[in-house]
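# Residue-level structural notes
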Amino acid sequence: MEGSDTKIVTQQRLIGDLRQVIENAEDLLKNTGHYDHGLYHTARNKLAQALAVANEELERCEEAQLVRMLDATEQACRLHGDRTGEQRVLRAFH
């Protein structure tokens, strides 16, 4: 199980890193908006495209993480026989 915990921490770190890269790229695009000619224009367009792909990937990763969390909570609820909504909510945050 320790390997699984390490994998989860690594995935969470990667998601956090991706969020930071996206934030930095958005700031860079916002702060360089007045450069709209030549190489700047080309570089900004490439960055905007890469940013769109990164946002899609982040959304996919976050969705997969949410599904894993819901599945783990469901399994724990079954294991412990949680039947009421209150028990299930408490298990989700345990």
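I will try to describe carefully the structure that is included in this document. Since we're looking at a predicted model, the values are computed, not measured.

### Notes on the overall build of the protein chain
Along its length, the protein chain carries 3 helices and 0 strands. Listing the helices and strands of the protein chain from first to last along the sequence gives α-α-α. For the protein chain, whose C-alpha radius of gyration is 20 Å, the value lies well above the compact-globule estimate of 12 Å for 94 residues. The principal-axis extents of the C-alpha atoms in the protein chain amount to approximately 65 × 30 × 15 Å. Relative to its full complement of 94 residues, the protein chain shows a buried share of 14%. In the protein chain, of all internal contacts separated by at least 6 residues, the share reaching a separation of at least 24 is 44%. Total accessible area on the protein chain stands at roughly 7,600 Å², and carbon and sulfur atoms take up 57% of it. Averaging the locations of the 12 positively and 16 negatively charged side chains of the protein chain gives two centres separated by 3 Å.

### With respect to helix α2 (residues 38–80)
End to end, α2 covers 63 Å across 43 residues, agreeing with the expected 63 Å (1.5 Å per residue, within 8%). Along α2, the positions that sit buried rather than exposed are Leu 51, Ala 54, Leu 58, Cys 61, Gln 65, Thr 73 and Cys 77. Phi turns positive, to about 70°, at Gly 81, one or two residues after α2.

### Considerations on the pattern of salt bridges
As enumerated under the stated definition, the model contains 4 salt bridges in all. For the salt bridge of Glu 74 with Arg 78, the shortest nitrogen-to-oxygen distance reads 3.8 Å. Within this pair, Glu 74 and its partner Arg 78 are both found in helix α2, separated by 4 residues, close to a single helical turn. The exposure class of Glu 74 is partly exposed, given its relative accessible area of 30%. According to the relative accessible area criterion, Arg 78 is exposed, its value standing at 57%. A network of salt bridges, in which partner residues are shared, links Glu 74, Arg 78 and Arg 88.

Cut-off values and rules
- Residues numbered from 1 in each chain as written.
- Predicted model: local features only at pLDDT ≥ 70, side-chain atom pairs only at ≥ 80, totals over all residues.
- Heavy atoms only, no water.
- Helix = DSSP H or I, 4+ residues; strand = E, 2+ residues; numbered from the N terminus.
- Rg over C-alpha atoms; globule rule 2.2 N^0.38 Å.
- Buried < 20%, exposed > 50% of the residue type's maximum accessible area, 1.4 Å probe, protein only.
- Contact = heavy atoms within 4.5 Å.
- Areas by Shrake-Rupley, 256 points an atom, 1.4 Å probe, with all protein chains shown as cover.
- Lys, Arg positive; Asp, Glu negative; His and termini not counted.
- Charge placed at Lys NZ, Arg CZ, Asp CG, Glu CD.
- Expected span 1.5 Å × (residues − 1).
- Salt bridge = Lys/Arg side-chain N within 4 Å of Asp/Glu carboxyl O.

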